[in-house]
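# Observations on the three-dimensional arrangement
In case you want the letters, here they are:
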Amino acid sequence: MSTYTATIRWSRTGDGDFTKGQYSRAHEWAFDGGAVVPAGPSPHIVPEPWGNPAGVDPEEAFVASLSSCHMLFFVDFARRAGFVLDSYVDEAEGLMENNAAGRLAMTRVTLRPQVTWSGEPPSQAQLADLHHRAHEACFIANSVTTEVTVEH
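Computed from a predicted structure; not experimentally measured.

Turning our eyes to something else, we now look at the packing of helix α1 (residues 58-80) against helix α2 (residues 124-137). Contact pair α1 / α2: the axes reach a minimum separation of 8 Å and the direction vectors enclose 130°. Taken together, α1 and α2 sit at an angle that is classed as oblique. Seen along the crossing, α1 lies across α2 with a hand that is right-handed. Residue-level inspection shows H70, F73, F74, F77 and A78 of α1 in contact with α2, the latter providing L127, L130, H131, R133, A134, H135 and A137.

This is the structure:
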């Protein structure tokens, strides 16, 4: 069993009327390795000046987490199969909409990995298998009910 931690820090700043929702939602995420990431709400949900569009919002982080987990397993499975990758770029996209219970949820995440290979690339069947195995192994994908698809 492993434990993972993050420290989320927020404090009220500015002159807005807090009781009327006039306060900054900007905050930071601090991780055990020392990385500190500016964060804030999605600009689709909380507009400026109460949000920080330059910060990472939880919805973006969710999509990035799924994509990153998939990529890490994919690269390792490709390596084990004897393939050599030079790069992996994924323009992942999440869709927020009402779920079957009528609640707002991230219902679908689409991964669009573009892989550059060094040497002989895998066949389409091998590529599909690598993506399938990466998806099955990704513990983030295994932890959510969001539909995750890979377009390759």
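Structure shown, so let's carry the discussion forward.
Read from one edge of the open sheet, three strands run β5-β6-β8, paired in mixed fashion. Edge strands, defined here as strands with exactly one partner in the open sheet, are β5 (93-98) and β8 (147-150). The sheet shows a mean angle of 20° between the axes of neighbouring strands, taken without regard to direction.

Turning to the pattern of salt bridges, a few remarks are in order. Close approach of charged atoms allows side chains with opposite charge to pair. A complete count under the given rule lists seven salt bridges for this structure. A salt bridge links E28 to R9, with the nearest nitrogen and oxygen atoms 3.1 Å apart. On the criterion of sequence distance, the pair formed by E28 in strand β2 (residues 27-31) and R9 in strand β1 (residues 6-9) is long-range, its members being 19 residues apart. In this structure R9 comes out as partly exposed when scored by relative accessible area, which is 43%. Across the pair R79 and D76 runs a salt bridge whose closest N-O atoms are separated by 2.8 Å. On the criterion of helical spacing, the pair formed by R79 and D76 is a turn pair, its members being three residues apart in helix α1. Through salt bridges with shared partners, one network takes in D76, R79 and R80.

Reading guide: rules and limits
- Residues numbered from 1 in each chain as written.
- Predicted model: local features only at pLDDT ≥ 70, side-chain atom pairs only at ≥ 80, totals over all residues.
- Heavy atoms only, no water.
- Axes fitted to C-alpha atoms, helices over the stretch in contact; angles between N-to-C directions.
- Helix = DSSP H or I, 4+ residues; strand = E, 2+ residues; numbered from the N terminus.
- Parallel < 35°, antiparallel > 145°, perpendicular 65-115°, else oblique.
- Left-handed = near helix turned anticlockwise from the far one by under 90°.
- Contact = heavy atoms within 4.5 Å.
- Pairing = 2+ DSSP bridges.
- Salt bridge = Lys/Arg side-chain N within 4 Å of Asp/Glu carboxyl O.
- Buried < 20%, exposed > 50% of the residue type's maximum accessible area, 1.4 Å probe, protein only.

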